[in-house]
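Residue-level structural notes
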Amino acid sequence: MTKTTSGRKLWLRAVAYAVIAYGAAACAQQPAPHPDVVLSEQQTSDAELLHLTTGTLRIKPCGGDIVRISFVTVPSVPDLSNPALSDSVCPATPFSVYDSGSSVEIVAADLRVDVDKNSSAVSFSRYGEHLLTETAWPFPRRIVPTVTDGQPAHSASVWFSLTPDERLYGLGQHQTGLMDERNTQLILSQDNTNISIPFFVSSKGYGVLWNSASVTNWNNRFRQVVTFQSNDADAVDYYFIEGPAVDKIIAGYRRLSGEVPLFPRWAYGYWQSKLAYASSEELLDVAAHYRALHIPLDNIVLDAGWETEFGSRVFNPNYPDPASMVQRLHDEHIHLMASIWPLFQPGSENFEQMQSHGYFVTPGPNPLPAYLSGARLYDALNPDARHLYWEQVEKSLYDIGVDAFWMDSTEPADLYAEEHGPMLAGARTALGDGSKFANMYPLMTTQSIYDGQRSQPDNKRVFILTRSAFTGMQRNAASVWSGDTVTTFDVLRRQIPAALNYSLTGLPYWTSDIGGFVGGRTADPAYRELFVRWFEFGAFCPVFRAHGARESNELWSYGPEAQKILTLYDRLRYRLMPYIYTMAARTTLDGYTPMRALVFDFPSDPQALDISNEYMFGPSLLVAPVTAAGAASRDVYLPRGTDWYDFWTGQRYAGGRIVHRAVTLATLPLFVRAGSIVPMGPEEEYTGEYPDAPIELRIYPGNDGDASLYADDGLTYAYEKGQYAWLPMHWDDASRELTLGARQGQFPGLQQDRQFLVTVVGPSRGIGEAETRGGRRVNYSGVAVHTRL
């Protein structure tokens, strides 16, 4: 379903102008503002408290690389915990305090915080290198009374001064087409195609996490000053996270907000989906046809229309035996994901249960869209309501074997937020004023499924797909998709920086509706081209899934030529599964990020910092999607500091240059960094089909290189108890020697002996998707093996 977004745009514009007017009025009223003077200081066991003319400022180190800054207008700082960020995530850390006369200095490890006594402006530095400063004029931070969604509230703001050359990334997923968020103004509010998370990362090597779940204005309209301004917050509260490596900043964010669970291995395979399968018979026929054509598939999705009404969790008569349907899919090694919403329409037992317990949000002033008339939103901020929500899902879906949950409309709801603003605005929840938690709903409702499934004795890993996110949602085993996009090349182009900025916000799992959701005719040659290009991009996203509101959306729906190309990239995804699953394990165990803007790996290359249309997929693969109709070539920038290999030809290029790469419709420009060791598995129709097959190792010479190969049972949380294994690998370029190191770790079912086929890549050798013939065979039994090549 799609609706005009003109109302949403007008609402955003009005809010933006109001914020600018407020700032201008504040300055006009205070042509010579009173400085926010430090009156006294007090050191506690875990923080430095500064009493100001306007309130209390707390500086609390959280380890040697994170510091929390909190400001309130009362004499003491209360507990500022919320469901996204608990006060307990900031452990007591040794620090020292020095008085320089004009400022108070707080030092913890290599991070130093200075507070100017005359303005109370806070600045941050690392080893003497200045990183960030709150503005001193007209004020560094502010809390003022306001009215939000018709209710008395407080607005909290902070201003930072920026340096001219730094870039800012993150803030969630915003489909502006921009990589750098400098010189932008955004309303951080959830809607169908925008995800708002108040966390940004600077190319100078730091990040700032703003601790508010209310609608927030991000304003960098004046390029040297940026502000966070939340419309319902009682404190200025943020975390400064020091790097300088972006991976270290992201790891710091996850220390505060939660680590990333590992998905089941099958979740990294291909997902087949469309808006609605009319019956269980149609769905099973599609699954069977994939197997008959030997096209790789691990998952199929049951989206709209299976329920009798929203929230009932009762299959309609077109699905007469859902348990049998699920079992038949499992017999074909195919997993099922079912769509569920947080809305309940009257008439079902589930609705009556929620209503009788008082578990619905008390509606705010905005009406629901007509097609949802009478529906109610369950209160995911209430732990008892979350428990009941899971119990209903468990009874109807989990107990019959449904493997994963598509939690749709978690903004909430549908295009409602684009028409009227957040659904929680002005509502009442178990935590109080809904406006204060307007952006937090996706975090809380995904927690209901994650906590519920984790409580089950079968220990099966959770996979959730959802349309929105907030700080900390990565801990709930949830991936997002980019919403109900339309089918144009411009929208495809915008997906790339949207995904990269989302990943730079600390949440690693993202996907899109391959082909776009709204529009597209499978018989139209122009649309077929778009679908193929989008599919090529999708094969190198953390989650690989096609979806759309089309009558048919299977790989054979787009004609024989397209089917051949689509199948090629599907097979390549499965061949790369050892690389992808190892990358996933690093994300869980090492704080890694799989889909990587170039600033992650090439922060000292200025040309790489502004690139919005290419990225690293893991440590080795540079992906450059084609996003123009009728393209016969595309320019690809190869970052400096390393050589690169064309994945399809084996040709070697020096870094720090632009390559003019000719393309056909079947070509996704793909380059591999010199020194890489890329593991590739066998061609499979589902993950783990051939567990004993040899693994091909492609070595790209030109630098020394290290890599690893991860293994576990792929299904349970036994890895949390240390039941997994790593195989370290090293390539010595000068001696052309590959070392397979001694195995680290064990788990039940580990294949103790394995064969590898090793190829040193060159022109026309070790290229493309197909298995390489004639590689060196190396037998491995868990002890170190050295092989000269």
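Note that the structure is a prediction, hence the values are computed from the model and not measured. (Residues numbered from 1 in each chain as written. Predicted model: local features only at pLDDT ≥ 70, side-chain atom pairs only at ≥ 80, totals over all residues. Heavy atoms only, no water.)

Attention shifts here to the sheet that holds strand 32 (residues 615-617). Picture the strands of a sheet paired through backbone hydrogen bonds; they go either parallel or antiparallel. Taken in spatial order, the 6 strands of this open sheet run 31-32-33-38-35-36, and their pairing is antiparallel. A strand with exactly one partner marks an edge of an open sheet, and here the two such strands are strand 31 (595-596) and strand 36 (652-654). Pairing analysis gives 3 bridges linking strand 35 (residues 643-646) to strand 38 (residues 670-673), with the strands arranged antiparallel. When the sheet's bridge partners are listed, tryptophan 644 is paired in strand 38 with arginine 673. (Pairing = 2+ DSSP bridges. Helix = DSSP H or I, 4+ residues; strand = E, 2+ residues; numbered from the N terminus.)

Here serine 448 lies in helix 8 (residues 441-454). A residue is classified by how much of its surface remains accessible, and serine 448, at 4% relative accessible area, is buried. Separated by 218 residues in the primary sequence, serine 448 and alanine 666 place their C-alpha atoms 42 Å from one another. Beyond its immediate chain neighbours, meaning those up to four positions away, serine 448 contacts Tyr378, Arg386, Tyr389, Trp390 and Met407. Of note is the side chain of serine 448, whose polar atom sits 3.4 Å from the side chain of tyrosine 378. One polar contact links the side chain of serine 448 to the main-chain carbonyl oxygen of threonine 445, over a distance of 2.5 Å. (Buried < 20%, exposed > 50% of the residue type's maximum accessible area, 1.4 Å probe, protein only. Contact = heavy atoms within 4.5 Å. Polar contact = N/O pair within 3.5 Å; in protein donor to acceptor, adjacent residues only side chain to side chain.)

Counted under the stated rule, the structure contains 2 cavities of 30 Å³ or more. Size it by volume and the largest cavity reaches roughly 50 Å³. As for the largest cavity, its lining consists of Tyr268, Tyr509, Cys541, Pro542, Arg573, Ile580, Met583, Ala584, Pro594 and Phe617. With 3 residues, the single largest contributor to the lining of the largest cavity is helix 12 (residues 577-590). When its residues are assigned to classes, the lining of the largest cavity shows 9 nonpolar, no polar and 1 charged. A volume near 30 Å³ is recorded for the second largest cavity. Every residue along the wall of the second largest cavity is listed here: Asn82, Ala84, Leu85, Pro198, Trp210, Asn211, Ser212, Ala213, Phe470 and Thr471. (1 Å grid on protein atoms, 1.4 Å probe; cavity = no way out; pocket = protein on both sides within 12 Å on 5 of 7 lines; lining within 4 Å. Points joined across faces, edges and corners; volume = space filled by probe spheres on them. Nonpolar A, V, L, I, M, F, W, Y, C, P; charged D, E, K, R; others polar.)

This part is about the packing of helix 3 (residues 280-293) against helix 4 (residues 322-331). Direction vectors running N to C along helix 3 and helix 4 enclose 0 degrees, while the axes themselves pass 11 Å from each other. Accordingly, the angle class assigned to the pair helix 3 and helix 4 is roughly parallel. Residue-level contacts link Ser280, Leu283, Leu284 and Ala287 of helix 3 to Met325, Arg328 and Leu329 of helix 4. Taken together, the residues of the contact of helix 3 with helix 4 break down into 5 nonpolar, 1 polar and 1 charged. (Axes fitted to C-alpha atoms, helices over the stretch in contact; angles between N-to-C directions. Parallel < 35°, antiparallel > 145°, perpendicular 65-115°, else oblique.)

Bringing the nonpolar core into the picture now. Of all hydrophobic cores here, the largest spans 164 residues; its most connected members are Phe405 and Phe540. In this view, phenylalanine 405 contacts Met337, Ala338, Ile340, Trp390, Val393, Leu397, Tyr398, Ile449, Gln453, Phe463, Ile464 and Leu465; residues no more than four positions away in its chain are not counted. The next biggest cluster of nonpolar side chains, apart from the first, holds 39 residues, and it includes Ala108, Phe160, Leu168 and Trp210. (Core = buried A, V, L, I, M, F, W, Y, C linked by side-chain atoms within 4.5 Å.)

Before going further, it helps to examine unusual backbone geometry. Leaving glycine aside, a negative phi is the common case for residues, and trans is the common case for peptide bonds. Residue proline 244 follows glycine 243 across a cis peptide bond; omega there is 5 degrees. Even without being glycine, asparagine 183 reaches a positive phi, approximately 60 degrees. On the secondary structure map, asparagine 183 appears in the loop between strand 12 (168-173) and strand 13 (185-188). You can call asparagine 183 partly exposed: its relative accessible area is 44%.

A word on the sheet that holds strand 42 (residues 725-732). Spatially, 4 strands are ordered 41-42-43-46 in an open sheet, and the strand pairing comes out antiparallel. Both outer strands of the open sheet, strand 41 (705-711) and strand 46 (785-788), are each paired with one neighbouring strand and no more. Each adjacent strand pair in this sheet contributes to an overall mean axis angle of 15 degrees, direction not counted. Helix 12 contacts strand 41 and strand 42 of the sheet and is inclined by roughly 90 degrees relative to strand 41.

This part is about the state of the cysteines. The tally for this structure, following the rule as stated, stands at 1 disulfide. Each sulfur of the disulfide joining cysteine 62 and cysteine 90 lies 1.7 Å from the other. Here cysteine 62 and cysteine 90 share a disulfide; its torsion about the S-S bond, -80 degrees, makes the bridge left-handed. Placement of the pair is cysteine 62 in the loop between strand 3 (56-61) and strand 4 (66-72) and cysteine 90 in the loop between strand 4 and strand 5 (96-99), with a sequence separation of 28 residues. (Disulfide = S-S within 2.5 Å.)

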